[in-house]
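Overview (structure and organization)
Chain residues, written in single-letter form:
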Amino acid sequence: MKTLWQHCHVATMAQGAYSIIEDAAIVTSGAHIEWVGPRSELPSGDFAAVNDLNGAWVTPGLIDCHTHTVFGGNRSDEFEKRLQGVSYAEIAASGGGIASTVRATRAASEEQLFASAARRLKSLMRDGVTSVEIKSGYGLDLANEGKMLRVARRLGAELPISVRTTCLAAHALPPEYKDRADDYIDHICAEMLPALAAEGLVDAVDAFCEYLAFSPEQVERVFVTAHKLGLPVKLHAEQLSSLHGSSLAARYQALSADHLEFMDEDDAIAMAKSGTVAVLLPGAFYFLRETQLPPMEALRKHGVKIAIASDLNPGTSPALSVRLMLNMACTCFRMTPEEALAGATIHAATALGMADTHGSIEAGKVADFVAWQIDRPADLSYWLGGDLEKRVVRHGVETSL
Ligand code: DI6
Ligand code: FE
């Protein structure tokens, strides 16, 4: 069953650039792209359906490669307090912060978590997202991390979006392990990761490497366990200080190191060597009113691939639009709209280990794309939010939300 999509221009994003084909045609066969090229070169064939895209710009479906979409409650009350001058640290010391989301997530049923996460995910999807990574990390014990990851799997099964799950058990210290961080890491390595992996709930393993979370030594133990289980790793690194977590991640061939405002040039060299993607999260930078910029020039100079993601989470980035993140990447980090779009397509796919099948519009890849009624690709980074007219195709089928 072949379908023809025409009357469009395509930014294929192959090789991380727009790679534009004007007056293009796309042939899909089932869930895959069979052919893409200039319409004048379209091979003859029988098409079960012909779609007129009305002059749209077609891009790959957006890929949000770093989110914490599943969580209980929210923290808009803390947002109000912070605006009145109470600091993040004071809020955390009084039982708020990540700990409050852990309490709410533990108290929530799988059904409640599914319903609230589905609402957030639909918001991302209405904005052109067709693949998403979802982390655990607000359960912090076997039962509740498992609950979060099962909800993430179910979201992928029930909604027209591809979900990659990441176990972030090493996100924060659960109250049961107060002052016993090493014991908690032991528990993650001996019990939690093996059990969650055996249940097929884990596509990758992440940790939060920061002076207020886990040390590089503790993170390394998690990485060793992940590799023994055959799982790739990722890392929250250099968000608030420089512990060289990004270099550690590179030594373990991490798919990505994320945040990175405080990384240095040696970290960039290490990441370039290992092919570790730099995932920048402008929503968290903005929401926390950070001032330290990620070292864009070092990343570019050494050829590190840069991805952009929402970091959707209740504490530091309640972001419901990846396009808004593209705008922030341009305004805050001085990325070009082309770099930003590559960051939410092909490089995001690499950050999830799915670049062989996703992230660009090329023959053989999965047919996930968006036909936007815009004047040029830069419009995707230009408009601040809103709802752009578009058609979203996933696995070769037009979705409606
Ligand atoms: N870095 C972040 O910005 C979030 N997690 C992390 O490791 C914060 C999560 C939260 O405050 O709930
Ligand atoms: Fe995060």
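In the block above lies the structure referred to throughout.
Keep in mind it's a predicted model, so treat the numbers as computed, not measured.

Time to look at the overall build of the chain. In terms of regular secondary structure, the chain is built from 15 helices and 15 strands. A compact globule built from 401 residues would reach a C-alpha radius of gyration of about 21 Å, and the chain, at 21 Å, matches this within 12%. Over its C-alpha atoms, taken along the principal directions, the chain stretches across nearly 70 × 45 × 45 Å. The 401 residues of the chain split such that 57% are buried. In the chain, once contacts between residues fewer than 6 apart in sequence are set aside, the share between residues at least 24 apart is 70%. A total accessible area of about 15800 Å² is found for the chain, and carbon and sulfur atoms account for 52% of it. Distance from the positive charge centre (35 side chains) to the negative charge centre (50 side chains) of the chain: 3 Å.

Per the stated rule, a full pass over the model turns up 23 salt bridges. Among the ionic pairs, glutamate 34 bridges to lysine 2, the shortest N-O distance being 2.9 Å. Here glutamate 34, found in strand β3 (residues 32–38), pairs with lysine 2, found in strand β1 (residues 2–11); they are 32 residues apart in sequence, far enough to count as distant. Accessibility expressed as a relative area gives 36% for glutamate 34, which makes it partly exposed. We classify lysine 2 as partly exposed; its relative accessible area is 32%. Residue glutamate 158 pairs with arginine 154 through a salt bridge whose shortest N-O separation is 2.9 Å. Here glutamate 158 pairs with arginine 154, and both are found in helix α5 (residues 142–158), just four residues apart, close to one helical turn.

Glancing now at the coordination of the iron ion (ligand 2). Reference values for coordination geometry: four tetrahedral donors around a metal ideally subtend 109.5 degrees, six octahedral donors ideally subtend 90 or 180 degrees. Within the first shell, the iron ion (ligand 2) binds the protein through His66 (NE2), His68 (NE2), His236 (NE2) and Asp311 (OD), at distances of 2.1 to 2.3 Å. For the iron ion (ligand 2), the four donor atoms are set out with angles of 81 to 166 degrees between them, so the coordination reads as irregular. If you list the donors of the iron ion (ligand 2) from N- to C-terminus, the spacing comes out as H-x1-H-x167-H-x74-D. Placement of histidine 66 in the loop between β5 (62–64) and α1 (76–83) and of histidine 236 in strand β9 (residues 234–237) is noted, with a sequence separation of 170 residues between them. No difference in accessibility class separates histidine 66 from histidine 236, as the two residues are buried.

Let's shift gears to the pairing of strand β2 (residues 20–29). Across eight bridges, β1 lies against β2 in antiparallel orientation. Looking at β2, one finds that tryptophan 5 is bridged to isoleucine 26. Two strands pair when backbone bridges link them, and β2 and β3 are joined in this way by six bridges, in the antiparallel orientation. If you follow threonine 28 over to β3, its bridge partner there is isoleucine 33. Between the antiparallel neighbours β2 and β3 lie two residues, among them glycine 30 with a positive phi of about 60 degrees.

Among the structural elements, threonine 225 can be located in helix α7 (residues 216–228). For threonine 225, a relative accessible area of 12% gives the class buried. The spacing of threonine 225 and isoleucine 161 is 64 residues in sequence and 29 Å in space, taken between C-alpha atoms. Among residues more than four places away in sequence, those in contact with threonine 225 are Cys189 and Leu193.

Sheets are built from strands paired through backbone hydrogen bonds, the pairs being either parallel or antiparallel. With parallel pairing, eight strands are arranged side by side in an open sheet as β5-β6-β7-β8-β9-β10-β11-β12. A strand with exactly one partner marks an edge of an open sheet, and here the two such strands are β5 and β12 (306–308). The mean angle between the axes of side-by-side strands here comes to 25 degrees, regardless of whether they run parallel or antiparallel. Across the face of the sheet, helix α6 (residues 181–198) comes into contact with β7 (162–170) and β8 (204–209) while running at roughly 150 degrees to β7.

With 13 residues, α7 should reach 18 Å at 1.5 Å per residue; the first-to-last C-alpha distance of 18 Å fits that figure. Among all positions in α7, only Gln218, Val219, Val222, Phe223, Thr225 and Ala226 are buried. Within α7, the buried residues cover an arc of 165 degrees as seen down the axis, which keeps them to one side. Of the exposed residues in α7, those oriented more than 90 degrees away from the buried face are Glu217 and Lys228. Against β7, α6, β8, β9 and α8 (245–251) lie the buried residues of α7.

Reading guide: rules and limits
- Residues numbered from 1 in each chain as written.
- Chains lettered and ligands numbered in written order.
- Predicted model: local features only at pLDDT ≥ 70, side-chain atom pairs only at ≥ 80, totals over all residues.
- Heavy atoms only, no water.
- Helix = DSSP H or I, 4+ residues; strand = E, 2+ residues; numbered from the N terminus.
- Rg over C-alpha atoms; globule rule 2.2 N^0.38 Å.
- Buried < 20%, exposed > 50% of the residue type's maximum accessible area, 1.4 Å probe, protein only.
- Contact = heavy atoms within 4.5 Å.
- Areas by Shrake-Rupley, 256 points an atom, 1.4 Å probe, with all protein chains shown as cover.
- Lys, Arg positive; Asp, Glu negative; His and termini not counted.
- Charge placed at Lys NZ, Arg CZ, Asp CG, Glu CD.
- Salt bridge = Lys/Arg side-chain N within 4 Å of Asp/Glu carboxyl O.
- Donors = N, O, S within 2.8 Å, 3.2 Å for Na, K, Ca; no water.
- Tetrahedral: all angles 85-135°; square planar, octahedral: opposite > 155°, others 65-115°.
- Pairing = 2+ DSSP bridges.
- Axes fitted to C-alpha atoms, helices over the stretch in contact; angles between N-to-C directions.
- Expected span 1.5 Å × (residues − 1).
- Arc of directions from axis to C-beta.

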